[in-house]
Amino acid sequence: MNAPASRPIEIERLLRGQWTLHARAERDAGGVLLALWASDERDRGGGGVLRAAFLRADRLRVLELPVGEREAGFPSLAPMFPSAARMERAVQDLLGLRAEGGDARPWLRHAAWPDGASPLRRDFDPARSVAPQTEDYAFVRVEGEGVHEIPVGPVHAGIIEPGHFRFSVVGEKVLRLEQRLGYVHKGIEKRLEQLSAIEGRRLAARVSGDSAVAYSWAYCQALETLAGATITPRGAALRAIALERERIANHLGDLGALGNDAGFAFGLSQFMRLKEDLLRVNQRAFGARYLMDYVLPGGVGGELDAAAVETLLAQTRSLEAEVRALRAIYDDHAGVQDRFRSCGIVTPELARELGLIGLAARASGQARDLRADLPCSPYDRLGVQVAMRSEGDVAARVAVRFDETLESLRLCWELLQSLPSGAARVDLPQPTAGIAYGLVEGWRGPILVALETGPVGSVRRCHPHDPSWQNWPLLEHAVIGNIVPDFPLINKSFNLSYSGQDL
């Protein structure tokens, strides 16, 4: 019997006057705005279609709003869902559809294409050369006695992705932080439209390289739905093992980096040693340190033999012992705890109001995890324990990482001990034309892939959505009242994706 991969999804097309009413109903029902994007429908006699995906505890609901070519724009959802603001600005940049009453400043564009051009419209020529332009972005100014601005980035001292952070400070205390992202906009969505649905999986895996398994699985979920295929229990179990090891690897790296940012270099060296050990075992067991091409349409791209299973089991046990020992050291280190506690607080109330999701939300009292709330196979039989704290500070985000690392090790142990027999991959029929959704709990939070196919297995539109879209704005709030030197620590405690947001 093959493993069910889909989740309850409701799709409803609305009239203009219903858009905000239905969005308000989602908010009142406890729904979280998961993604907002648009498509060009002018080749079908329409204008555009705006879509908003809302995640409830028991289902995903997608609202669709046709926007006529002559309409000035669409009603903004930002007053109800503040996280919608940047998504709406991206829709304006990429498709020319403007949120009425919303922030009209560009978000992704950076003058990289002419004002008035819309890269995701079907008549846009990506080969057209554009003369270099300058841009004077309208940052919000904070004025008053003793207020200074500190611009940081987009180029940073470390080998990290680019982003601009503009601090307004009095002394060292932060009054306001405003971010400017989009520097690594790569045109992923446009490029996906030039690929077949099968080929698109490879690019989807590289939207944010530290979440390759999660993006691959979400993309394949959507593709398998369109093809009417279900993966085998063995294929689902192997995907889950790969996903949990991806989660563990990222948490180990973050725990080391957070220790280092708190002045505890011992933590960095120990956790990076553990991460390197994990990646080396990945190479031996799966054939790659980072599993960019392990999850494939119909299942996975490689088997685990008995020796590989034993190696993975042995590492699972040794990692658990070492993580527990290091946690005790972190918890007992007065200097580390002094830096972690009461630093970068996001209260549960603010987390709910602004739509924080994923790991950071679970550190602020929001007990949402797709593996437990809307589990697909094999999570529906594993009884995932959701890690949660309510303090909302750096210490809480560290604690959630420790808890999730230990839970992921438990899940890997159970999956490896009871690995189903049978094939790891099934043949995939030609996908039908239509739209489908993949939804996977990556290590940062829920990853959504909306895949729309056209004739002969082509990609008409694909929107891969990273939880960093929702969580970057919360970082601006988390640093208020803290001192500037604490920003690297607070920022790392969220560890959001530039690439996943910028696309």
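Basis of the calculations
- Residues numbered from 1 in each chain as written.
- Predicted model: local features only at pLDDT ≥ 70, side-chain atom pairs only at ≥ 80, totals over all residues.
- Heavy atoms only, no water.
- Helix = DSSP H or I, 4+ residues; strand = E, 2+ residues; numbered from the N terminus.
- Expected span 1.5 Å × (residues − 1).
- Buried < 20%, exposed > 50% of the residue type's maximum accessible area, 1.4 Å probe, protein only.
- Contact = heavy atoms within 4.5 Å.
- Pairing = 2+ DSSP bridges.
- Salt bridge = Lys/Arg side-chain N within 4 Å of Asp/Glu carboxyl O.

Colleague: What's the story with helix H2 (residues 84-95) in this structure? I'm lost.
Modeller: Three- or four-residue spacings in an α-helix give side chains the same orientation, since the helix completes a turn every 3.6 residues. Between its first and last C-alpha, H2 extends 16 Å over twelve residues, near the 16 Å set by a 1.5 Å rise per residue. Judged by how many residues are buried, H2 sits mostly within the fold: eleven of twelve residues are covered. Within two residues after H2, glycine 96 carries a phi angle of roughly 75 degrees, on the positive side.

Colleague: I tried to follow the environment of threonine 20 on my own but got confused; where do I start?
Modeller: Within the secondary structure layout, threonine 20 lies in helix H1 (residues 19-28). A C-alpha to C-alpha distance of 9.9 Å links threonine 20 and phenylalanine 74, two positions 54 residues apart in sequence. Look past the residues within four positions of threonine 20 in its chain and what remains in contact with it is Pro75, Ser76, Leu77 and Met80.

Colleague: I tried to follow the pairing of strand S13 (residues 446-453) on my own but got confused; where do I start?
Modeller: In the case of a regular strand, side chains alternate between the two sheet surfaces. By the criterion of burial, S13 is predominantly enclosed, with eight of the eight residues buried. Residue alternation in S13 divides its side chains into two sets, Pro446, Leu448, Ala450 and Glu452 and Ile447, Val449, Leu451 and Thr453, and both sets are buried. Where strand S12 (residues 434-441) folds back on S13, the antiparallel hairpin that results is connected by four residues, among which glycine 445 adopts a positive phi of roughly 155 degrees. Bridge analysis of S13 against strand S14 (residues 459-465) gives six bridges, and the strand direction is antiparallel. Note on S14: the bridge partner recorded for glutamate 452 is arginine 461. Linking two consecutive strands that pair antiparallel, namely S13 and S14, is a turn of five residues; a positive phi of about 55 degrees is found at valine 456 within it.

Colleague: How should the pattern of salt bridges be read in this particular structure?
Modeller: It is possible for side chains of opposite charge to pair when their charged atoms get near one another. Evaluation of the coordinates by the stated rule reveals 52 salt bridges. Close ionic contact of arginine 206 with aspartate 293 constitutes a salt bridge, the shortest N to O distance being 2.8 Å. With a gap of 87 residues between them, arginine 206 in the loop between helix H4 (197-204) and helix H5 (212-227) and aspartate 293 in the loop between helix H7 (265-286) and strand S10 (295-296) connect regions that are remote in the sequence. With relative accessibility at 34%, the residue aspartate 293 sits in the partly exposed group. A salt bridge links arginine 362 to glutamate 404, with the nearest nitrogen and oxygen atoms 2.7 Å apart. Taken as a pair, arginine 362 in helix H11 (residues 358-362) and glutamate 404 in helix H13 (residues 394-417) lie far apart in primary sequence, 42 residues in all. Residue class for arginine 362 comes out buried when judged on its relative accessible area of 0%. Beyond isolated ion pairs, a larger network of salt bridges with shared partners links Glu10, Glu12, Glu26, Arg56, Asp58, Arg59 and Arg61.

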